[in-house]
Amino acid sequence: MEKTTIAALFCVFALTGCARTEPVLNISEPISGHLSADEVRIAILQAGIEREWVMTPAAPGIINGHLSQREHRVDIRISYSPTGYSINYVDSRNLKAKDGLIHRSYNRWIHNLDHDIQLKLATKRIE
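Heads up: these notes are all about the structure in this document. Everything numeric here is computed off the predicted structure, so don't read it as measured data.

What to know about the side chain of D114
- Tracing the chain through its elements places D114 in helix α3 (residues 104–126).
- Accessibility expressed as a relative area gives 6% for D114, which makes it buried.
- With residues near it in sequence (within four places) discarded, D114 still touches I27, E29, Y85 and I87.

This is the structure we're talking about:
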């Protein structure tokens, strides 16, 4: 292979790896076990607060979440019941959200929140 071809391929792969946006992550998780809606609500609120989200119960079965990290802001809506919960993107600022894509930090924050919610729910099932 020619040096210029190798250099061009290297640049393409390097730029692909540096992409800052990804598809927006929306979570939908079933809940196994016998938990009440109140126990699920408490687990979600605790997990969010521990991750520095501002969590606001909006209606029965719905919690709004807000996170500010430096100049980035995001709003989510969590719908829940005794049988499952979902985390959905609502709005953001400075996260390059466009056409179903968003800055990869958003997906990391949502993944971490989901992980912590699952841990809180598991703890409630063994109490």
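Thoughts on the nonpolar core
- Counting residues in hydrophobic clusters, the biggest one holds 26 residues, and the most contacted among them are I44, W53, I76, Y85 and I87.
- Counting residues per element, the ones that place at least two in this core are α2 (37–50), β4 (62–69), β5 (72–81), β6 (84–93) and α3.
- Among the elements that line this core, the one with the most residues is α3, at six residues.
- With near-sequence residues (within four places) excluded, Y85 lies in contact with I27, S28, E29, I31, I44, S79, Y80, D114, I117, Q118 and L121.

Some words on the environment of T123
- On the secondary structure map, T123 appears in helix α3.
- For T123 and A43, which are 80 residues apart along the polypeptide, the C-alpha to C-alpha distance reads 9.0 Å.

What about the side chain of H66?
- Tracing the chain through its elements places H66 in strand β4.
- Setting aside chain neighbours within four positions, we find H66 in contact with E52, W53, V54, R73, V74 and D75.

The rules behind the values
Each chain has its residues counted from 1, running along the sequence as written. The model is predicted, so local features are restricted to residues of pLDDT at least 70 and side-chain atom pairs to those at 80 or more, both for listing and for counting; the totals for chains, interfaces and linings are taken over all residues. Calculation of side-chain values draws on the structure's entire complement of heavy atoms; hydrogens and water are dropped beforehand. We count a stretch as a helix when DSSP gives it H or I for four or more residues in a row; a strand needs E for two or more, and each element gets its number in order from the N terminus. For every residue, the accessible area obtained with a 1.4 Å probe (protein chains only) is divided by the maximum for its type, and the residue is called buried under 20%, exposed over 50%, and partly exposed between those limits. Throughout, a contact is declared for two residues whenever any of their heavy atoms are within 4.5 Å. Nonpolar cores are built from buried Ala, Val, Leu, Ile, Met, Phe, Trp, Tyr and Cys residues. Side-chain atoms within 4.5 Å join them into one set.

Honestly, it's all geometry; don't read function into it.
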